[in-house]
Amino acid sequence: MGTVLQVDNLSKTYRLGGQQIHALAGVSLSVEAGRLVAIMGASGSGKSTLLHLIGGLDVANGGTVTIENNNITRMSDRKRTLFRRRRIGVIFQMYNLLPTLTARENIALPLLVDGVAISEIEKRVDQMVELVHLQDRADHRPQALSGGEQQRVAIARALLNDPALILADEPTGNLDSTNAVEVWQLLRELAHQLGKTVLMVTQEALAASYADRTYVLKDGRIIGKIDELEPGNAALVAARYTELAD
Ligand SMILES: Nc1ncnc2c1ncn2[C@@H]1O[C@H](COP(=O)(O)OP(=O)(O)OP(=O)(O)O)[C@@H](O)[C@H]1O
Ligand SMILES: [Mg+2]
């Protein structure tokens, strides 16, 4: 299995009035296929900026993002948008589900919009529902689902196109600890058992403990990485993080 994501010397400067904010100052990292990788950093360290650039939602000032050998930083806006829709799945802190649709319909929506045949949609939605273990809950609307179940619906929707890369921005920020653990375990399972490639950003040591590797981001720079993590062992991550960040 090869490298799915390669980020080289990525930089992003925001200009606000006369001020410049160096949100990313030369970030490099790579993610192998079938791995769950975390980016951990304090608020304002540049996590969301990094995820937006990797997801092609914003444009860098310098450096490159390469996904499955496609340099997305060199693509035209139109090409990058198409690439994002086909090859990248995104999960946010808010689940962004439509309240009037069932879980199953929410998952199906991108395919309906794309005009895919109904029989094909049903087949793929069933597969996704199974992947995220929502067989018993799939005909409920979001309000009848727990936060963790709603996030699993959003994960299923993100998986629908069989993306090369799944990006998750603080996916458990709105969940209690039981639901959060379920989501981290699911992301881990998707990577290890189904070969999906997942990049998750978080402020939490416990979240990072579920990853295969955690990169530590501070003031727009990667200041180190933590390997040999143990799922659930937040203390180990917190200790290494403090060593690196202080
Ligand atoms: N559109 C923008 N315009 C100007 N500055 C911005 C913009 N977006 C982010 N920033 C600044 O860039 C820096 C990094 O922001 P970013 O949102 O990437 O941090 P983060 O690590 O995701 O934080 P949080 O954990 O609070 O979500 C911050 O100083 C932020 O204020
Ligand atoms: Mg953020």
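Scroll up to find the structure this text is about.
Residues numbered from 1 in each chain as written. Chains lettered and ligands numbered in written order. Predicted model: local features only at pLDDT ≥ 70, side-chain atom pairs only at ≥ 80, totals over all residues.

Once that is clear, we can look at the sheet that holds strand β1 (residues 3-16). Spatially, β2-β1-β4-β5 is the arrangement adopted by the four strands of the open sheet, whose pairing is antiparallel. Both outer strands of the open sheet, β2 (19-32) and β5 (70-71), are each paired with one neighbouring strand and no more. Sheet topology places β1 next to β2; eleven bridges connect them, and they run antiparallel. Following the sheet pairing, Thr13 is matched in β2 by His22. Sheet contacts for helix α1 (residues 47-54): β1, β2 and β4 (62-67); angle to β1, the most-contacted strand, approximately 120 degrees. (Pairing = 2+ DSSP bridges. Helix = DSSP H or I, 4+ residues; strand = E, 2+ residues; numbered from the N terminus. Contact = placed C-beta atoms within 7 Å. Axes fitted to C-alpha atoms, helices over the stretch in contact; angles between N-to-C directions.)

In the vicinity of ligand 1, 13 residues are found, and the nearest of them are Tyr14, Ser43, Lys47, Ser48 and Thr49. Looking at the shell around ligand 1, its residues break down into four nonpolar, eight polar and one charged. (Near = placed C-beta within 6 Å. Nonpolar A, V, L, I, M, F, W, Y, C, P; charged D, E, K, R; others polar.)

Let's shift gears to the sheet that holds strand β9 (residues 213-218). The strand order across the open sheet built from six strands is β6-β7-β8-β3-β9-β10, with neighbouring strands paired in mixed fashion. In the strand order of this sheet, the two ends are held by β6 (88-91) and β10 (221-226), each with one partner. Neighbour to neighbour, the strand axes of the sheet diverge by 20 degrees on average, direction disregarded. When strand β3 (residues 36-40) meets β9, the two strands line up parallel, connected through four bridges. Looking at the pairing, Met40 lines up with Val216 of β9.

So, about unusual backbone geometry. Backbone geometry follows two general trends: most residues other than glycine have a negative phi, and most peptide bonds adopt the trans configuration. With a phi close to 55 degrees, Asn96 is a non-glycine residue in the positive phi region. For Asn96, the location among the structural elements is in the loop between β6 and α3 (103-113).

Turning to the environment of Tyr210, a few remarks are in order. On the secondary structure map, Tyr210 appears in the loop between α7 (205-209) and β9. A count of 27 C-beta atoms within 10 Å places Tyr210 in the buried class. Along the sequence, Tyr210 and Val37 sit 173 residues apart, while their C-alpha atoms lie 8.7 Å from each other. (Buried ≥ 20, exposed ≤ 12 C-beta atoms within 10 Å, placed from the backbone.)

Now for the environment of Arg104. Take Arg104: it is sitting in helix α3. With 20 C-beta atoms packed within 10 Å, Arg104 lands in the buried category. Arg104 sits 57 residues away from Asn161 along the chain, and the two C-alpha atoms are 15 Å apart. For Arg104, the residues in contact, after removing those within four places along its chain, are Val125, Val129, Ala138 and Asp139.

Packing of α3 against helix α5 (residues 147-159) leaves a shortest axis separation of 8 Å and a crossing angle of 25 degrees. Our classification of the angle between α3 and α5 gives roughly parallel. The interaxial crossing formed by α3 with α5 has right-handed handedness. In contact with Ala103, Asn106, Ile107 and Pro110 of α3, α5 contributes Val153, Ala156 and Arg157. By residue class, the composition of the contact of α3 with α5 is five nonpolar, one polar and one charged. (Parallel < 35°, antiparallel > 145°, perpendicular 65-115°, else oblique. Left-handed = near helix turned anticlockwise from the far one by under 90°.)

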